[in-house]
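Here are the chains, one letter per residue:
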Amino acid sequence: MQRVDAVIRERLSSRVALIDQISHYIVGAGGKRIRPRLVLLFSQALGFEGPERHELAAIVEFIHTATLLHDDVVDESSLRRGRATANAVFGNAASVLVGDFLYSRAFQMMVSVGSMRVLQVLADATNVIAEGEVLQLMNMNDPDLTVEDYLRVIRFKTAKLFEASARLGAVLAGSPPDIEERCADYGRSLGTAFQLVDDLLDYEGDAKELGKNIGDDLREGKPTLPLLIAMERGSESERQLIRGAIEHGEVQRLPDIVDIVRRTGALDATREAALREAELARRCVEPMQPSQARSALLELCVRAVHRSS
Ligand code: GRG
């Protein structure tokens, strides 16, 4: 990961001062670096040790960072990674454009790796992520969203990049198609578990630990799984309260809604759904040869669910 961080720093540079400033601002704020870790762990577990793994790990982190810059503009968020978001500090236009810079820099780096398969995996993944965000936009303020449609959005917007990162480890190692698919399945399940927990932390987390504001999803009228379950299990008046909050994106009644979400067991049920996905991910790597990388991949299945940030 030290080598990946070095590649990230080297490849962030631009002759345009504002790009340097904003990209260092967001990347310098840290982040958990889960997606690059997946590239490294799968390539290591499958026996590939070439320098391309660091390049690809940096590429997926650049794509992730570009999506965060764009997402915070779309969501009008003010806190990310424990600091003011780039849009809050530098404005929406600058954030979107630096997101474009990171995204296109990632594609320059992909070309330098010289593999059409790598290009294909990442072009497909970024296209699906964008589709996921548009689907989510269409679902805003809709209290009648089905769990199936909600899951589709999180598989697209979040799990796809986890899937691509894991798959790329196998692509680098030249693994046969069945192994590549198993790595991709791990990434998809881990990413789904990760987003389910993200959605529940929006109701039970601590803003300081989480590094972003609590209640943001409700403020935007985003119908996530904790709310869908609470509506299903709550009384008629509780259901109406949540419906209204989703339809109008209001947070005045956030404390009451958090209370309903907790009392109906919706947070526990969301965590259980995340645990089921993490278990699916675990089963994908369990048959691999014992190694440090495999142990770390198993450990990630636990950490994706039991996390507070
Ligand atoms: C630029 C390809 C492209 C698309 C733009 C806005 C958008 C379309 C996509 C946004 C997708 C998005 C932000 C999904 C949420 C994913 C998520 C859970 C982010 C938080 O990930 P962490 O917790 O972040 O890994 P850190 O800060 O740890 O890196």
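As the structure is a prediction and not an experimental result, all values here were calculated from the model. (Residues numbered from 1 in each chain as written. Predicted model: local features only at pLDDT ≥ 70, side-chain atom pairs only at ≥ 80, totals over all residues. Heavy atoms only, no water.)

Asks: So what's going on with the layout of surface pockets? Which residues, and what values?
Replies: Reported here for the largest pocket is a volume of approximately 1,100 Å³. Surrounding the largest pocket, 46 residues form its lining, His64, Thr67, Leu68, Asp71 and Arg80 being those nearest its centre. Per-element accounting of the lining of the largest pocket gives the leading share, 11 residues, to helix 4 (residues 52–74). Residue composition of the lining of the largest pocket, by class: 14 nonpolar, 11 polar and 21 charged. (1 Å grid on protein atoms, 1.4 Å probe; cavity = no way out; pocket = protein on both sides within 12 Å on 5 of 7 lines; lining within 4 Å. Points joined across faces, edges and corners; volume = space filled by probe spheres on them. Helix = DSSP H or I, 4+ residues; strand = E, 2+ residues; numbered from the N terminus. Nonpolar A, V, L, I, M, F, W, Y, C, P; charged D, E, K, R; others polar.)

Asks: Before we move on, can you summarise the nonpolar core with the specific residues and values?
Replies: Core analysis: the largest hydrophobic core is formed by 53 residues, its most contacted members being Leu38, Phe42, Tyr186, Leu190, Leu227, Ile242 and Ile257. When residues of this core are traced back to their parent elements, those giving at least two are helix 3 (34–45), helix 8 (147–172), helix 9 (177–204), helix 12 (225–233), helix 13 (236–248), helix 14 (254–263), helix 15 (266–285) and helix 16 (292–303). Here the element with the most residues in this core is helix 9; it accounts for 10 residues. Core analysis: the second largest hydrophobic core is formed by 40 residues, Val27, Val118, Ile129 and Leu168 among them. (Core = buried A, V, L, I, M, F, W, Y, C linked by side-chain atoms within 4.5 Å. Buried < 20%, exposed > 50% of the residue type's maximum accessible area, 1.4 Å probe, protein only.)

Asks: Tell me what's going on with unusual backbone geometry, and back it up with residues and numbers.
Replies: Note: most peptide bonds trans; most residues except glycine with negative phi. The backbone phi angle of Glu76 is positive, close to 55°, even though this residue is not glycine. Turning to its location among the elements, Glu76 is positioned in the loop between helix 4 and strand 1 (79–80). One non-glycine residue, Arg81, lies in positive phi territory at about 50°. When you line up the elements, Arg81 lands in the loop between strand 1 and strand 2 (83–84).

Asks: Residues and numbers for the site of the ligand, please.
Replies: Taken together, the neighbourhood of the ligand is formed by 18 residues, with Lys32, Arg35, His64, Arg81 and Glu133 sitting nearest. Arg35 places a polar side-chain atom, nitrogen or oxygen, 2.8 Å from an oxygen atom of the ligand. Here Arg81 contributes a side-chain N or O atom positioned 2.7 Å from an oxygen atom of the ligand. Here the ligand has 750 Å² of accessible area as a free molecule, and 92% of this is covered by the chains. A molecule is said to occupy a pocket when more than half its atoms come within 2 Å of that pocket's grid points, and by this definition the ligand occupies the largest pocket. (Near = heavy atom within 4 Å. Polar contact = N/O pair within 3.5 Å; in protein donor to acceptor, adjacent residues only side chain to side chain. Areas by Shrake-Rupley, 256 points an atom, 1.4 Å probe, with all protein chains shown as cover. Sits in = over half its atoms within 2 Å of the grid points.)

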